[in-house]
Amino acid sequence: MLLGIGVIIVYSASAVLAAQKMGDAFFYAQRQLMWAVLGIISMFAMMNYDYHKLKKIAKPLLIICFLFLIAVAIPGIGTVRGGSRAWLGIGSLGIQPSEFAKLGIIIYFAYMLSRYQDRIVEFKRGLLPPLGIAIAAVGLIMLEPDLGQSTVLMGTVIIILFAAGAQIKHLLGLASLAIPAFIALVVVAPYRLKRIVAFMDPWAYQLDEGYHIIQSLYAIGPGGLLGLGLGRSRQKFLYLPEPQTDFIFSILAEELGFIGGATLLALFLLLVWRGLRTAITAPDTFGSLLAVGITGMIAVQVIINVGVVTGSMPVTGITLPFISYGGSSLTLMLTGVGILLNISRQTR
């Protein structure tokens, strides 16, 4: 249902931009449909692939993910899009290594923590090794730079560590260390400070850093209870930047209203509930942590995306799972759901 809604809304949100920029109103919708088909094939393949076999490829997969993250940071190899060197590929055909790194790290962490679960209560032997891997991955992603993907990855890692049995006091200690690290990231890149200031009062910066938030709210507000009607958005007429990707929820809320937006969030909530239920009833610790990681990744990404478009969080580039336009993100999410479905088949 989420995937079907996504393809329809991608067309509705992108038709004007695609016609003006590409000369074809169906440009983004056709590609989204193509990626959806490939993603479904990947989902069914993983649904019929015993997740226990992922243990054998967990380490090689992690190494490949890191090699891709390193490669994308090298000028001449990585492709720059939207001011971020986050892609590998030629022209419009490319993959985003940070997307696949999230799934690779989830698989490896589930494998490692299930093997050494008794150590997780210890900081040095249990918590520090996986945390070091996560920080290394986040560091490479920040070189792109991509704060949004880094936040999703760290949020997912914390959820897995908590589910594996990490002590609350250790996690709280890490959270206290994360505050000065975040401040340092803001100081290093002044544009992030501008985004935070604009988040506090977007109308004071309505022509620059506050523009995205304001245009997003101008879409959500007029949607009212029932919306303006499917295909009748006004903000998609080149007012709202990235209407088919980061701010697609704004267009959906404008056209389908509060009821449409709430229904979409209810579907995500249902998916998260079923994912957590799968984790609880999984036949082993590896499957449980794997299900928690995949479900947590989806949940964190939804929370950040909806938080940004509603003005509840500072602007950062994160797509809405299964809904936003994007091949790498859609394929990754459907592959993760395929693994989740295989675990669900074996639950007790």
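Refer to the preceding data block for the structure.
Residues numbered from 1 in each chain as written. Predicted model: local features only at pLDDT ≥ 70, side-chain atom pairs only at ≥ 80, totals over all residues. Heavy atoms only, no water.

### With respect to the packing of helix α9 (residues 211-223) against helix α10 (residues 248-280)
Stage number 1. Taken N-terminus to C-terminus, the directions of α9 and α10 make an angle of 20 degrees; their axes are 7 Å apart at the nearest point. By the angle between their directions, the pair α9 and α10 is classed as roughly parallel. Here α9 runs over α10; the crossing is left-handed. Where α9 abuts α10, its residues S216, A219, I220 and G223 lie against S250, A253, E254 and G257.
Stage number 2. Tallied by class, the residues present in the contact of α9 with α10 amount to 3 nonpolar, 4 polar and 1 charged. (Axes fitted to C-alpha atoms, helices over the stretch in contact; angles between N-to-C directions. Helix = DSSP H or I, 4+ residues; strand = E, 2+ residues; numbered from the N terminus. Parallel < 35°, antiparallel > 145°, perpendicular 65-115°, else oblique. Left-handed = near helix turned anticlockwise from the far one by under 90°. Contact = heavy atoms within 4.5 Å. Nonpolar A, V, L, I, M, F, W, Y, C, P; charged D, E, K, R; others polar.)

### Topic: a nonpolar patch on the surface
Stage number 1. Among the surface-exposed residues, L33, M34, V37, L38 and I41 lie close enough to one another that they form a single nonpolar patch of about 460 Å² accessible area.
Stage number 2. With respect to the helices, strands and loops of the structure, M34 is situated in helix α2 (residues 27-47). (Patch = residues over 30% accessible without salt bridge, like charges linked within 9 Å, V, L, I, M, F, W, Y side chains within 5 Å. Areas by Shrake-Rupley, 256 points an atom, 1.4 Å probe, with all protein chains shown as cover. Salt bridge = Lys/Arg side-chain N within 4 Å of Asp/Glu carboxyl O.)

### A few points about the packing of aromatic side chains
Stage number 1. Inspection of every chain in the model, using the stated rule, returns 5 aromatic pairs.
Stage number 2. Between F27 and Y28, the ring centres sit 5.2 Å apart and the planes meet at 90 degrees, which makes this aromatic pair edge-to-face.
Stage number 3. The class of Y28 is buried, set by a relative accessible area of 6%.
Stage number 4. Between Y51 and F286 the ring centres are 5.9 Å apart and the planes differ by 20 degrees, which places this aromatic pair in the stacked class. Of this pair, Y51 sits in the loop between α2 and α3 (54-72) while F286 sits in helix α11 (residues 285-309), and the two are 235 residues apart along the sequence.
Stage number 5. Of the aromatic side chains, those joined through ring pairs into one cluster are F27, Y28 and Y325.
Stage number 6. Sitting over the ring of F27, R31 keeps its end group 3.7 Å from the ring centre.
Stage number 7. It is R274 that lies over the ring of W273; its NZ or CZ is 5.4 Å from the centre. (Phe/Tyr/Trp six-rings, centres within 6.5 Å; stacked < 30°, edge-to-face > 60°. Buried < 20%, exposed > 50% of the residue type's maximum accessible area, 1.4 Å probe, protein only. Lys NZ or Arg CZ within 6 Å of the ring centre and 35° of its normal.)

### Description of helix α6 (residues 147-164)
Along an α-helix, a turn takes 3.6 residues, which lines up residues three or four apart on a common side.
Stage number 1. Counted at 1.5 Å a residue, the expected span for α6 with its 18 residues is 26 Å, and the 26 Å between its end C-alpha atoms agrees.
Stage number 2. The complete set of buried residues in α6 reads G148, Q149, S150, V152, L153, T156, V157, I160, L161 and A164.
Stage number 3. Between the side-chain oxygen of the N-cap and the backbone nitrogen of G148 there are 3.3 Å, and the N-cap of α6 in question is D146. (Expected span 1.5 Å × (residues − 1). Polar contact = N/O pair within 3.5 Å; in protein donor to acceptor, adjacent residues only side chain to side chain.)

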